[in-house]
Amino acid sequence: MKHTTHWIDGKPWTGAASARRGDVYNPATGQVSGTVDFASAAEVDAAVAAAAAAFPGWRATSLVRRAGVMFAFRELVRERQADIAMLISAEHGKVASDAAGEVARGLEVVEFACGIPHLLKGGFSENVSAGVDAYSIRQPLGVVAGITPFNFPAMVPMWMFPLAIACGNAFVLKPSEKDPSASVLLAELLAEAGLPDGVFNVVHGGKEAVDALLAHPQVRAVSFVGSTPVARYVSEAGTVAGKRVQALGGAKNHMIVLPDADLDLAADAAVSAGFGSAGERCMAISVLVAVDPVGDELVAKIAERVARLRVGPGDDERSEMGPLVTAAHRDKVASYLDSGVREGAVLAVDGREHPVTGGADDGFWLGPSVLDHVTPPMSCYADEIFGPVLSVVRAAGYNEALEVVNGSPYGNGTAIFTNDGGAARRFTSEVEVGMVGINVPIPVPMAFYSFGGWKSSLFGDTHVHGTEGVHFYTRGKAVTSRWLDPSHGGVNLGFPVNR
Ligand code: NAD
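Residues numbered from 1 in each chain as written. Predicted model: local features only at pLDDT ≥ 70, side-chain atom pairs only at ≥ 80, totals over all residues. Heavy atoms only, no water.

A. Main features of the overall build of the chain. Each helix and strand in the chain was counted, giving 16 helices and 23 strands. Principal-axis analysis of the C-alpha atoms gives the chain an extent of 95 × 60 × 40 Å. Across the chain, contacts joining residues at least 24 apart in sequence account for 73% of those joining residues at least 6 apart. With 40 positive and 54 negative side-chain charges, the chain shows a separation of 8 Å between the mean positions of the two kinds. (Helix = DSSP H or I, 4+ residues; strand = E, 2+ residues; numbered from the N terminus. Contact = heavy atoms within 4.5 Å. Lys, Arg positive; Asp, Glu negative; His and termini not counted. Charge placed at Lys NZ, Arg CZ, Asp CG, Glu CD.)

B. Region of interest: the sheet that holds strand β7 (residues 132-140). Within the open sheet, the three strands sit side by side as β6-β7-β23. Their pairing is antiparallel. With partners counted over all chains shown, the strands left at the sheet margins are β6 (124-129) and β23 (474-482), one partner each. On average, each strand axis in the sheet is inclined to that of its neighbour by 30°, with strand direction left out of account. In terms of strand pairing, β6 meets β7 through three bridges, oriented antiparallel. When the bridges of β7 are listed, S125 appears paired with A134. (Pairing = 2+ DSSP bridges. Axes fitted to C-alpha atoms, helices over the stretch in contact; angles between N-to-C directions.)

C. Summary view of the environment of G453. Looking at the secondary structure, you find G453 in the loop between β20 (435-438) and β21 (454-455). In the structure, G453 is positioned 21 residues away from E432 in sequence and 9.3 Å away in space, judged by C-alpha atoms. In contact with G453, not counting residues within four places along its chain, are G411, N412, G434, M435, L458 and H463.

D. Representation of a positive patch on the surface. A surface patch of positive charge is lined by R59, R220, R244, R475 and K477. In this structure R220 comes out as partly exposed when scored by relative accessible area, which is 42%. (Patch = residues over 30% accessible without salt bridge, like charges linked within 9 Å, V, L, I, M, F, W, Y side chains within 5 Å. Areas by Shrake-Rupley, 256 points an atom, 1.4 Å probe, with all protein chains shown as cover. Salt bridge = Lys/Arg side-chain N within 4 Å of Asp/Glu carboxyl O. Buried < 20%, exposed > 50% of the residue type's maximum accessible area, 1.4 Å probe, protein only.)

E. Region of the structure containing the site of the ligand. Around the ligand sit 28 residues, and of these K174, E177, S227, G249 and E384 come closest. One of the side-chain nitrogen or oxygen atoms of K174 is found 2.7 Å away from an oxygen atom of the ligand. Take S227: an N or O atom from its side chain is 2.6 Å from an oxygen atom of the ligand. Relative to its free-state accessible area of 840 Å², the ligand is covered by the protein chains to the extent of 88%. Listed by contribution, the elements that provide at least two residues to the shell around the ligand are α8 (207-215) and β11 (219-225). By residue class, the composition of the shell around the ligand is 14 nonpolar, 10 polar and four charged. (Near = heavy atom within 4 Å. Polar contact = N/O pair within 3.5 Å; in protein donor to acceptor, adjacent residues only side chain to side chain. Nonpolar A, V, L, I, M, F, W, Y, C, P; charged D, E, K, R; others polar.)

F. Representation of the packing of aromatic side chains. Enumeration according to the criterion identifies 10 aromatic pairs in this entry. Measuring from ring centre to ring centre gives 5.9 Å for Y25 and F364, while their planes differ by 65°; the resulting arrangement is edge-to-face. Residue Y25 is found in strand β4 (residues 20-26), and its partner F364 is found in the loop between β15 (346-349) and β16 (369-372); the two are separated by 339 residues along the sequence. A relative accessible area of 32% places Y25 in the partly exposed class. (Phe/Tyr/Trp six-rings, centres within 6.5 Å; stacked < 30°, edge-to-face > 60°.)

G. Representation of a nonpolar patch on the surface in the model. On the surface, W483, L484, V491 and L493 cluster together into a nonpolar patch covering about 440 Å² of accessible area. Considering the arrangement of structural elements, one finds L484 in the segment after β23. We classify L484 as partly exposed; its relative accessible area is 39%.

Laid out in structure tokens, this is it:
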């Protein structure tokens, strides 16, 4: 049985054993595959102390050398991409190709962080007043923390720590207790890349570890990604404790299909974005808004495609969709099929009947489902289901479809499918959502743009990675300087020389 422990000061934790441990499951078999230590305040203290001790030296390390560590880390992650993907697949359940895809998207942030010498350039203005110059610099904050969700055990931490570290901070990561292994492998690779001990630390666990980080006076900033209630809590508790906080929450992403759209393209996109990673993606399409009269035809095309999806274990390369992360989550997701029907929706495709190819009977399986004629008051619409359930809402026209999207409390991602450039342009301007796709169903921005939603999908002002990420992990200083002219009266700042 595998045992995962904390990574503190450049090595696995060797201090007192954690009083609490959690089980880690293989979702494709339903069996416990390992255990993970749960940090108490004492272990969090040790990690923060290691980070605080490493910070002054790391901060003083040249930009070129910090970038050099990132370049080396990039190569190591590329070499071990398949191993990281297998670890993720074994604990999360997603198919290995999808897991490799999340590592690739995380690597884009590492590549962006390799440009840190350029990203941290300040401005300089000569002669802002007679003989006075002004310039700006950005400096690291100190010890910063990241708290991450189960659904992207490599990519979401990599949204945070490459930039935080490249900016000169020391980092403490608290990954999800459901799939903790990938974060430890990333820590080992950072050490191999030459990162000094203590600059990157990992503490495992749940609420107790999170609360210890939020209360710790030496933690200057917290990046969080997870569900909306916890994001709100982290944002409030962290802010009260005087920390800078960016807390990304849950989502309900709508895809509008206008009548002029290519319906085959739209059906392909809805199935890919709705059921990839079993719908356990914060940018998954969970609501399709079909504008009259395309609803019936679109649902038929989606049902046809869904029936052909191969559901099976993540380590079988023929599988397109894996199991859900836990039995409890699978049961909760499935409960929305019953509540949806009770509240008046039509169950067009029932994932409970979908065949599973390979994998053990006890695996946390649930096939892809489609609920049609969903309306906003239904719980299957209002709640974030976070599983392989696509809800279809019918709308009479563009304005009604836009009202549905803007009426949602969430504002993470959205997409519009149309061949009408004017409609797409208007939607881009009018929709109250942070990330918008035009004929692109999962509009996750590249690393050099910033990722983040609006409304209940983000608490705090700053999105992750891109230039907003650099700003989050640094603080600005404006310097105004006057150097006396050496010809001035009795004072001479020129280098003393014999005349
Ligand atoms: P979660 O909120 O349950 O857990 C996230 C993190 O918070 C984990 O590290 C967990 O240990 C910790 N945590 C859980 N409960 C806590 C509590 N009561 N107090 C303090 N800490 C707590 O989320 P999850 O189930 O791991 O991940 C799925 C959620 O994450 C979904 O809602 C999804 O939309 C969201 N998500 C959002 C984004 C985004 O970019 N907005 C990206 C990925 C996932």
